[in-house]
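Now for the letters of each chain:
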Amino acid sequence: MRNAPVLTAVKPADETFSIPEKELLEMEKKYCSFGDTVHYLEEPKIFDRCEGSYMYDAAGTPFLDLQMWYSAVNLGYAHPRINNAVKRQLDQLPQVASQYLHREKIELSAMLAQHMEKKFGGEKGRIHFNVGGSQAVEDSLKIVRNYTGGKSLMFAFEGGYHGRTLGASAITSSYRYRRRYGHFGDRAQFIEFPYLFRGPKGMTKEEYGHECVKKFARMFETEYYGVWDPKAQKCEYAAFYVEPLQGTGGYVIPPMNYFSELKKVLDKYGILMVVDEIQMGFYRTGKLFSIEHFGVTPDVLVFGKALTNGLNPLSGIWAKEAMINPTIFPPGSTHSTFASNPIGTAAGLETMRVFAETDFETMVMSKGKYFLEGLKELQKKHKIIGDVDGLGLALRAEICTEDGFTPDKAMTDRMCDEAMKGDLVVNGKKYGLVLDIGGYHKNVITFAPALTISHEEIDLGLNLIDQLIRRCQKTGF
Ligand SMILES: Cc1ncc(COP(=O)(O)O)c(C=O)c1O
């Protein structure tokens, strides 16, 4: 390798920077932290352009994206309406400190709060902004701790993921994310999630959901189970952090009776329910918020990612009025410079307007059904697909050995690596496929296609997955 170029000259705005990709990759190895990304691929892929359901490399090869930036780009890449809203905001009011107001922040807050009020039995609440998902989770922890008189302990799920800042890591199940960073005194107590495919046999999904709630409720039978003082009628735990469908945990869909039964137990013992919609929100599952499928009203709801369709980041929280009104949660409680940045709020407002104009609920449920049927057909053909499931356009395929059950992480990794080569062929045209892996055993392909994906693109995706499995099985390791 030549020495990495020394970038001292200022690049004219309209001139294409032409450092060859090979050199860029060498520079990345030298100058970029690997800690801020996941770095799954030996040789990370450089993309050049994106539109709709596709990413394109410099050679112009289309990569059908079936994960859409971990479900941050639900309306498809470079959506003209959202892009134009950002361009308008750039020209009008691109910067304004959060202590001053701007129209988009207020309108967006009202739209979100009114939606919650309508869907959750007239419940009044307020909207609070931050930038990244983990930051919003941190803010929600403060709201909960403040409202419960400083209680710092939370319940969360095995397989749950809430981000990688310190507070969010404490309630995220994976020990891998905490291992290097010392003691987490406020580490959550992790509770079994009703994940039937890897749960007990001989039960229906609903029976298993019911059993899980019973096991959780047992913790409150006596003080000797460590969480509840029956004499004082006090619980040591402030809230239960839940993802209605587990995202990073592998798009696990619980039984429909589960959250309403769980909420009854939480209400009985004065424990709040915080719903993390960062990955499943904004119609991923066919509802604006996935908890709407389950007939419960959360106490706090956290959102991020697709609110701005993956443009200028904006995340946030809805909380019940009693928990978030300015008397109880005063100004500056979580202030962050870019909290309600105007480009983010403009993108968020336009995204919400697009959602309001089309019947996304019907569209997503119908496309999701079509995609799931396709996955079921593939499952019939390939023994290594152990489980497929889906709600709306949040779909999963669990990759196993030939017994259809033992997780096969190596095969799953290989499929994702091969998909990145961009040399799958359909009708004489080369394609790549952008896939994401999740799951307790990192053997689940989690599908989060653009909600705007066409039926032809779903067919193309299924064709490419089919080819990929055949290729990976044939070539071995
Ligand atoms: C459910 C859930 N919560 C929180 C986060 C963290 O969000 P961010 O990566 O924006 O910090 C994520 C990110 O994937 C997520 O899926």
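Everything below is about the structure shown above.
Bear in mind that the values here come from a model prediction, so they are computed numbers and not experimental data. (Residues numbered from 1 in each chain as written. Predicted model: local features only at pLDDT ≥ 70, side-chain atom pairs only at ≥ 80, totals over all residues. Heavy atoms only, no water.)

Turning next to the pairing of strand β12 (residues 315–320). The buried fraction of β12 amounts to six of the six residues, a majority that puts the element mostly inside the structure. In β12, alternate side chains face the same way, and those of Ser315, Ile317 and Ala319 on one face and Gly316, Trp318 and Lys320 on the other are all buried. Judged from the six bridges that link them, strand β4 (residues 125–130) and β12 form a sheet pairing that is antiparallel. Bridge assignment links Arg126 to a residue of β12, and that residue is Ala319. The pairing of strand β11 (residues 300–303) with β12 spans four bridges and is classified as antiparallel. Bridging from a neighbouring strand, Val302 pairs with Ile317 of β12. (Buried < 20%, exposed > 50% of the residue type's maximum accessible area, 1.4 Å probe, protein only. Helix = DSSP H or I, 4+ residues; strand = E, 2+ residues; numbered from the N terminus. Pairing = 2+ DSSP bridges.)

For the rest of this paragraph, the subject is the state of the cysteines. Applying the stated criterion across every chain, the model contains zero disulfides. For the unlinked cysteine Cys212, the closest cysteine sulfur is that of Cys235, found at 19 Å. Note on Cys212: relative accessible area 3%, which makes it buried. (Disulfide = S-S within 2.5 Å.)

Moving on, we come to the packing of aromatic side chains. Summed over all chains, the structure comprises 29 aromatic pairs. Here the aromatic rings of Phe282 and Phe303 are separated by 6.2 Å at their centres, their planes lie at 85 degrees, and the arrangement is edge-to-face. Here Phe282 is found in the loop between β10 (272–276) and β11, whereas its partner Phe303 is found in strand β11, with 21 residues between them in sequence. Considering the side-chain rings of Phe371 and Phe447, the 5.5 Å spacing of their centres and the 45 degrees angle between planes classify their relative orientation as tilted. In this pair, Phe371 sits in helix α11 (residues 360–381) while Phe447 sits in strand β18 (residues 444–447), placing the two residues 76 residues apart along the sequence. Here Phe371 and Phe447 have matching classes, each one buried. By the ring-pair criterion, three or more aromatic residues cluster together here, those being Phe155, Phe157, Phe193, Phe216, Phe220, Trp228, Tyr237, Phe240, Tyr258, Phe259, Tyr269 and Phe294. In this arrangement the basic side chain of Arg198 is found over the ring face of Phe405, its NZ or CZ atom lying 4.3 Å from the centre. When the ring centre of Tyr225 is taken as reference, the NZ or CZ atom of Arg218 above it lies at 4.1 Å. (Phe/Tyr/Trp six-rings, centres within 6.5 Å; stacked < 30°, edge-to-face > 60°. Lys NZ or Arg CZ within 6 Å of the ring centre and 35° of its normal.)

Let us now look at the site of the ligand. Around the ligand, the neighbouring residues are Gly132, Gly133, Ser134, Tyr161, His162, Gly163, Glu243, Asp276, Ile278, Gln279 and Lys305. The separation between a nitrogen atom of the ligand and a polar side-chain atom of Asp276 is 2.7 Å. Here an oxygen atom of the ligand sits 2.9 Å away from a polar atom, N or O, in the side chain of Lys305. Its free accessible area being 390 Å², the ligand has 80% of it covered by the protein chains. Tallied by class, the residues present in the shell around the ligand amount to two nonpolar, six polar and three charged. (Near = heavy atom within 4 Å. Polar contact = N/O pair within 3.5 Å; in protein donor to acceptor, adjacent residues only side chain to side chain. Areas by Shrake-Rupley, 256 points an atom, 1.4 Å probe, with all protein chains shown as cover. Nonpolar A, V, L, I, M, F, W, Y, C, P; charged D, E, K, R; others polar.)

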